[in-house]
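Read off the chains here:
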Amino acid sequence: TKLNFSSALEEERHVRANDRDYNERFSYADNRIKTAKYNVFTFLPINLFEQFQRFANAYFLVLLILQLIPEISSLSWFTTIVPLVLVLAITAVKDATDDYFRHKSDQQVNTRQSQVLIKGKLQNEKWMNVRVGDIIKLENNQFVAADLLLLSSSEPYGLCYIETAELDGETNLKVRQALTVTSDLGDDVAKLADFSGEVICEPPNNKLDKFTGTLCWKDNKYSLDNEKMLLRGCVLRNTEWCFGLVIFAGLQTKLMQNCGRTKFKRTSIDKLMNTLVLWIFGFLICMGIILAIGNTIWEQKVGSDFWEYLQWKELTINAVFSGFLTFWSYIIILNTVVPISLYVSVEVLRLGHSYFINWDRRMYYSRKATPAEARTTTLNEELGQVEFIFSDKTGTLTQNIMVFNKCSINGKTYGDVYDEFGHKVDITEKTPCVDFSFNPLMDRKFRFHDSSLVEAIKLEEPLVQEFFRLLALCHTIMPEERNEGELVYQAQSPDEGALVTAARNFGFVFRSRTPETITLYEMGQAVTYQLLAILDFNNVRKRMSVIVRNPKGQLKLYSKGADTILFDRLDPSNEELMFTTSEHLNEFAGEGLRTLALAYKDLDEDVFDEWMKKLLFASTALDNREEKLGALYEEIEQGMLLLGATAIEDKLQEGVPETIACLTLANIKIWVLTGDKLETAMNIGYSCNMLRDDMNTVFIISGHTMLEVQQELSKDKFSSGLDMEKTELYSSDSVFEETIIAEYALIINGHSLAHALEADLEQILVDVACLCKTVICCRVTPLQKALVVELIKRHKRAVTLAIGDGANDVSMIKTAHIGVGISGQEGMQAVLASDYSFAQFRYLQRLLLVHGRWSYHRMCNFLCYFFYKNFAFTLVHFWYGFLCGFSAQTVYDQWFITLFNIVYTSLPVLAMGLFDQDVNEQYSLRFPNLYRPGQLNQLFNKRKFFTCTLQGVCTSFILFFIPYGAFMTAVRDDGAHISDQQTFAVTIATSLVIVVSVQIGLDTNYWTAVNHFFIWGSLAVYFAILFAMHSDGIFTIFPNQFPFIGTARNSLNQKIVWLVILLTTVVCIMPMVAVRFIKADLYPTQTDKVRLLQQATRKQGPQEQNLRRVRRTSSRRSAYAFAHQQGYGELITSGKNMKVPTSSTSTYPLYSPTRGLTGTSSASICKCFRHQKH
């Protein structure tokens, strides 16, 4: 094989155990991880480079350079350099702080200790020093340091148990098994040090559930798959020790490959601002050109007459060059249309909004002491514009906790509670629980509220007993009894755990098992059953069965599975019972519960003997073994008798259905992307009310080829397009009615999605999916989750939000515009990659509808006002240019220009941007359709920008020409002329400050003490500074800087000046007041209506209203969902996970499909799946 020495072009990987020299030739990544962006030396250049990529910063740098040229500068350089340095410094400090914490996190991980086999000895090494090809020893409860090939373990047959919460958020244990040839190495360090096997495998990739490779050792080749790999991020459980060979390290591990690249996320407002700054810059150039042309003409026509009065030694200037210099002078003077303080203010607002999220007590989860956290400060206003939410299922919508909720036994339901009048009572935490004290082996955490089931057990009703006996026998759970009576069940699926725990509490306690026996305690009596065969579960059969012999010698087959499957295999005599149970299953399904049907059968000895012979023959067949075994299972699972059905609640997180209903009313589309199977995903869809039985159609796309998927999608698109009626859902009356009118749902499988994401089909997929109210993608890989998000970003140009809790959600979280991590679960990978984190899905409603909407509203109002005030302030110079010979003289004095944005008007607009609320939080949640303007980007767009700048231009025109016209003929009280330039400047400046203060008063919806203080305080500060700058005292200290002594008091003591200021203010403000009044009266928006309602009901206090949970009308459908995996039956019957082989007698040798007939091994205590809580 040609060896590839370039890791960048790696086609296959060669790893030789215990041979660092050989492995180093390939330049594989070491085990150090690096998520930080800078180091001490690169911080300044890289950070400044990043900051100057923002157009505004580069623009201000160019202006600064221009201001340093004396020929064209009419303003001092400090008016630009002080704010520019301030902005760069604040941003740099923020970036440095973020990066410091990333360095700290990296250091913490990189310095964890691991035992590495070096030169024949186990030595403690830091994780970052581990290399590909090293052999590592792991001990119980340790994190796996890198992607390892399992070599040997303390358990029999090289088995070990891992928890993958960091990878997929699931806490149930997974089994891994070493190759037999390497498991014989055991923990013999000398043998392990001599191990020289070479692994040839796939290059680094992000597929968590797939691995292909070959181990070459002693002239033999052994196939390797994912079942032999321990991935970085997993935790070793219930296994004293194991040894592994490092295959992938550091950034090449599957965990890190799934993290995706950290993208620099920018909001749509940020992008729009960049465009607008370019527009304004273009506008600035146009104004400069107009004024420069004016200067050239004026110099030729008028200015030349004055040259003889200007005692220049030589005439060095001509009209065109004068115009050229004037152009640059006006660029400097008019640059305040885009003040640098805008960017400082935006950063301050975002920081403030982030703190409001962090401080929100209603998003604090007290059970785990977890507050909400804004992990980025740059995306807050984007939270008010989300159109698509992509959610994981397990651990995000659900708690991954199953609870035995109800059951139906022999046509009678149990689990509901009724009052004395026979009316059903809603079960709450205060509802009294059944007393299980008669059972010393009960699980104290188990809660059940219907006491009639316990009475039936105590009355020894045979079918009720058989029901729980079936639950206690038909499963693959491993028990562990740490102390007498202290039982812990280790289930590989939470469903099974819930069913066996229910049987335990009702007196049928599963106590222990060997490969050939199962011991129950039935109402306190020990009963041992011979386990003769396990007919294992798989996705096609959708059922599992066991064949046992009870102490009386009777042969019994017990089966549990999907009702649709089991009902086809019942004895005809069960028809009436089947009909009744079917009704009960409808009821359970209507409540979103996961159901299984239970059936049993008495077996005849002769028939069973004959069947066992056929089974032995089929199990040794070389061809079509699976099909032959399936046919035999089918043969014996006929003519069964129905016992009843179970209903398990896959416990949703608190408030999930209400949150989804509320977000749907806000016109947010929620897509569920899950690795779970179809039935489980659908079941959760029904529980959350995302799927409802009254939906017109639920399309299921499950084609295996491109053609099949295309046909299914095209058919759905055609029918959806025909039937679809665009219904207006956003009238305020509908908010608390049933959530939405029935429409369509799309459910697509992972293998079908792979085809649908191809270039030819992706547009059809988007069209069909967006016609549907609900989309669920099941069996999807982490990469597919990211691709689906990317697809919507590309085709719909909508703001997307992804929410998840496991490492398998990281790429999706990083791809979406906004990533949210659910914290407080076992894994923290999703939180580390997220922009926002909190502990419960229900807080998403508050994050978007309150914080997001307010942030968007505040930012838009802030920007509109900011552009208005700066155009009003700056364009006065433009009008003045026509009357001052285009000489680039400023209207205001230099200090006013410097202080206007930094001191006089900065705090009121910040107060509005931080505290303003159009409606309060109760009404924001009560009327989700208020969220719509953000999605449509109505509050700040190019049209809005044009409107507010036009208002600014008009204001500047009025500000200049009313005083100009008034002062042309005006005189002072003593008859002297009033029209000196300084008085004119003071009048315009005072008018401007008052006008923009009144305007912000009109723009403020929610007044706080801070708003009042800042607005009145800014006016007071303006007058204080104005009088101080024109005072005698400051003139004596700085005579050159402040030469216009007494101007303020001389002008502001004249009645005419105050009348001009009053007239200017009224003319500037009144048209806007009139327009707003007429608009609100004739064309009120939804916000206007809700604000009026809020004002009307303010005296009564806020009225809390909750969305009603929608009850579905039930139609026949299977609510079957079972999170089980194939192969665990074989693991039990083989005895591989049992210790201490002892002899035992059994009439029938135990059947295991892959081993044929087993011998007589059994075990006293089994360890599999013992999960020591950490």
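Rules used in this analysis
- All residue numbers refer to positions counted from 1 along the written sequence of the respective chain.
- Where totals are concerned, whole chains, interfaces and linings use all residues; where local detail is concerned, this predicted model gives features only for residues with pLDDT of at least 70, and gives and counts side-chain atom pairs only at 80 or more.
- Heavy atoms from the whole structure form the basis of all side-chain values; hydrogens and water molecules are not counted.
- UniProt positions are given in the numbering used here, feature names are shortened, and annotations may be inferred rather than shown by experiment.
- A helix here means a DSSP run of H or I that spans at least four residues, while a strand means a run of E at least two residues long, and both kinds are numbered starting from the N terminus.
- Relative accessibility decides the category of a residue: with a 1.4 Å probe and only protein chains considered, values under 20% of the type maximum give buried, values over 50% give exposed, and everything between is partly exposed.
- By the convention used here, residues are in contact when the closest approach between their heavy atoms is within 4.5 Å.
- In the analysis that follows, any N or O atom pair within 3.5 Å is treated as a polar contact, provided that within protein one partner can donate a hydrogen and the other can accept it, and provided that, for residues neighboring in sequence, both atoms belong to side chains.
- DSSP calls a pair of strands paired once it identifies at least 2 bridges connecting them.
- Fitted lines through C-alpha atoms serve as axes, helices being fitted only where they are in contact, and the angles separating the N-to-C directions of these axes extend from 0 to 180 degrees.
- Whenever Lys or Arg places a side-chain nitrogen within 4 Å of a carboxyl oxygen from Asp or Glu, that contact is recorded as a salt bridge.
- Buried residues of nine kinds, namely Ala, Val, Leu, Ile, Met, Phe, Trp, Tyr and Cys, make up a nonpolar core once their side-chain atoms join them within 4.5 Å.
- Patch definition: residues above 30% relative accessible area lacking any salt bridge, with like charges linked at up to 9 Å and the nonpolar side chains Val, Leu, Ile, Met, Phe, Trp and Tyr linked at up to 5 Å.
- Accessible surface is estimated by sampling points in the Shrake-Rupley manner with a 1.4 Å probe; for residues, cover comes only from the protein chains shown.
- By this rule, a helix spans an expected 1.5 Å times one less than how many residues it contains.
- What counts as a ring pair is set by centres within 6.5 Å for rings of Phe, Tyr and Trp (its six-membered ring), and what kind of pair is set by the plane angle: stacked under 30 degrees, edge-to-face over 60, tilted for all other angles.
- Counting as a charge over the ring demands two things of the Lys NZ or Arg CZ atom: a distance within 6 Å of the ring centre and an angle within 35 degrees of the ring normal.
- Any angle from 65 to 115 degrees is called roughly perpendicular, while one under 35 is roughly parallel, one over 145 is roughly antiparallel, and all others are oblique.
- Crossing handedness is defined as follows: a turn of the near helix away from the far one that is anticlockwise and smaller than a right angle gives a left-handed crossing, while the clockwise case is right-handed.
- Think of it as three bins: nonpolar holds Ala, Val, Leu, Ile, Met, Phe, Trp, Tyr, Cys and Pro, charged holds Asp, Glu, Lys and Arg, and polar takes everything else, Gly as well.

An unreviewed UniProt entry lists the protein under the name Phospholipid-transporting ATPase, with Cyprinus carpio as the source organism. In its Sequence similarities (unreviewed entry) section, the UniProt entry covering the protein states "Belongs to the cation transport ATPase (P-type) (TC 3.A.3) family. Type IV subfamily." According to the UniProt record, the Cofactor (unreviewed entry) comment for the protein is "Mg(2+)".

Novice: Explain the UniProt feature "binding site: Mg(2+)" (unreviewed entry) in the protein to me, and be specific about the residues and the numbers.
Specialist: Mapped onto the present numbering, the UniProt feature "binding site: Mg(2+)" (unreviewed entry) falls on D392, T394, D805 and D809. Despite a sequence span of 418 residues, these residues sit close together in the fold, their greatest C-alpha distance being 10.9 Å. Within the element layout of this structure, D805 appears in the loop between strand 33 (799-804) and helix 25 (810-815). Along the chain, D809 turns up in the loop between strand 33 and helix 25. Its relative accessible area of 0% is what places D809 among the buried residues. Setting aside chain neighbours within four positions, we find D809 in contact with D392, K785 and G804. A polar contact is formed between the side chain of D809 and the side chain of K785, at a distance of 2.6 Å.

Novice: Any chance you could break down the sheet that holds strand 32 (residues 774-778) for me, citing the residues and the numbers?
Specialist: Hydrogen bonds between backbone atoms are what pair the strands of a sheet, whose relative direction is either parallel or antiparallel. In space, the nine strands of this open sheet follow the order 14-35-34-33-15-29-32-31-30, with mixed pairing throughout. In the strand order of this sheet, the two ends are held by strand 14 (373-374) and strand 30 (697-701), each with one partner. Sheet topology places strand 34 (residues 818-822) next to strand 35 (residues 836-838); three bridges connect them, and they run parallel. Across the sheet, residue I822 finds its bridge partner in strand 35, namely F838. Packing against the sheet, helix 24 (residues 782-796) makes contact with strand 15 (386-391), strand 29 (669-673) and strand 33, and its axis sits at approximately 170 degrees to strand 15. In this fold helix 27 (residues 843-881) packs onto strand 15, strand 33, strand 34 and strand 35, with an angle of close to 140 degrees to the strand it touches most, strand 35.

Novice: Residues and numbers for the pattern of salt bridges, please.
Specialist: Where charged atoms from two side chains of opposite charge approach closely, those side chains can pair. As enumerated under the stated definition, the model contains 44 salt bridges in all. R846 is the partner of D360 in a salt bridge, and the nearest nitrogen-oxygen pair spans 2.6 Å. Within this pair, whereas D360 is found in the loop between helix 11 (341-358) and strand 14, its partner R846 is found in helix 27, the two being separated by 486 residues in sequence. An identical accessibility class is assigned to D360 and R846; each is buried. A salt bridge links D416 to K406, with the nearest nitrogen and oxygen atoms 2.7 Å apart. Pair noted here: D416 is in the loop between strand 17 (412-414) and strand 18 (417-418) and K406 is in strand 16 (residues 398-409), with a separation of 10 residues, a long-range link. Of the two residues, D416 and K406, neither departs from the other in class, the shared state being buried.

Novice: Lay out the nonpolar core with the relevant residues and their values.
Specialist: Core analysis: the biggest nonpolar cluster contains 98 residues, and L863, Y892 and F896 have the highest contact counts within it. In terms of residues, this core owes the most to one element, helix 27, which gives 18 residues. For Y892, the contacting residues outside a window of four places in its chain are A872, F873, V876, H877, I897, A985, I988, A989 and L992. M402, L441, L471 and L473 belong to the second-largest nonpolar core, a separate cluster that totals 58 residues.

Novice: Give me a nonpolar patch on the surface: which residues, what numbers.
Specialist: On the surface, V998, L1002, L1059, L1062, V1066, M1070 and V1073 cluster together into a nonpolar patch covering about 570 Å² of accessible area. Secondary-structure elements contributing two or more residues to the nonpolar patch are helix 33 (981-1003) and helix 37 (1055-1082). Top contributing element to the nonpolar patch by residue count: helix 37, with five residues. With respect to the helices and strands, the residue L1062 is situated in helix 37. Looking at L1062, the relative accessible area reads 52%, which means it is exposed.

Novice: Could you give an account of helix 34 (residues 1009-1029), naming the residues involved and the relevant values?
Specialist: Given 3.6 residues per turn, any residue in an α-helix points the same way as the ones three and four places further on. Taking 1.5 Å of rise per residue, the 21 residues of helix 34 would be expected to cover 30 Å, and the 29 Å separating its terminal C-alpha atoms lies within 8% of that figure. When helix 34 is considered as a whole, its buried residues turn out to be N1011, I1015, S1018, L1019, Y1022, L1026 and M1029. Turning to helix 34, the residues buried within the fold contact helix 28 (894-904), helix 29 (906-915), helix 33, helix 35 (1032-1037) and helix 36 (1047-1052).

Novice: Lay out the packing of aromatic side chains with the relevant residues and their values.
Specialist: Applying the stated criterion to the full structure yields 59 aromatic pairs. Between the aromatic rings of F195 and W217, the centroid separation amounts to 4.7 Å while the plane-to-plane angle is 70 degrees, which identifies the pairing as edge-to-face. One end of the pair, F195, is in the loop between helix 7 (189-194) and strand 8 (198-201); the other, W217, is in strand 9 (residues 213-217), with 22 residues separating them in the sequence. When the centroid spacing of 6.3 Å and the interplanar angle of 45 degrees are considered together, the rings of F356 and F915 count as tilted. Residue F356 is located in helix 11, and its partner F915 is located in helix 29; the two are separated by 559 residues in the primary sequence. The exposure class assigned to F356 is partly exposed, which follows from its relative accessible area of 24%. F915 gets classed as partly exposed once you look at its relative accessible area, which sits at 25%. Connected via pairs of aromatic rings, a cluster forms that spans F878, W879, Y880, F882, F886, F957, F960, F961, Y964, F967 and F984. The ring of W217 is capped by K218, whose NZ or CZ atom sits 4.5 Å from the centre of that ring.

Novice: Give a description of the sheet that holds strand 6 (residues 159-163) that names residues and reports values.
Specialist: Judged by pairing direction, the sheet is antiparallel, and its three strands sit side by side in the order 7-6-12 without closing on themselves. Looking at strand neighbours, the two that pair on one side only are strand 7 (173-177) and strand 12 (235-237), the edges of this open sheet. The sheet shows a mean angle of 45 degrees between the axes of neighbouring strands, direction not considered. The pairing of strand 6 with strand 12 spans three bridges and is classified as antiparallel.

Novice: How would you explain the packing of helix 27 against helix 29 if you had to name every residue and give the values?
Specialist: For any two helices packed against each other, one specifies the crossing angle of their axes together with the interaxial distance. Where helix 27 meets helix 29, the axes come as close as 8 Å, and the angle between the chain directions of the two elements is 160 degrees. Classed by the angle they form, the pair helix 27 and helix 29 counts as roughly antiparallel. Regarding helix 27 and helix 29, the two cross each other, and that crossing is right-handed. Between helix 27 and helix 29, the contacting residues are R858, N861, F862, Y865 and F866 on the first element and V909, M912, G913, L914 and F915 on the second. Looking at the contact of helix 27 with helix 29 residue by residue, the class counts come to seven nonpolar, two polar and one charged.

Novice: Got a sec to walk through the pairing of strand 13 (residues 241-248)? Specific residues and values, please.
Specialist: With eight of eight residues buried, strand 13 is to be regarded as a mostly interior element. Examined bridge by bridge, strand 4 (residues 135-139) and strand 13 share five bridges and lie antiparallel to one another. Considered in strand 13, the bridge of L138 is made with C242.

Novice: Could you give an account of the environment of W328, with specific residues and numbers?
Specialist: Following the sequence through the fold, W328 ends up in helix 10 (residues 319-333). Residue classification places W328 among the partly exposed positions, given a relative accessible area of 28%. Placed 256 residues apart in sequence, W328 and I72 show a C-alpha to C-alpha distance of 6.1 Å. Not counting residues up to four positions away in its chain, the partners in contact with W328 are L66 and I72.

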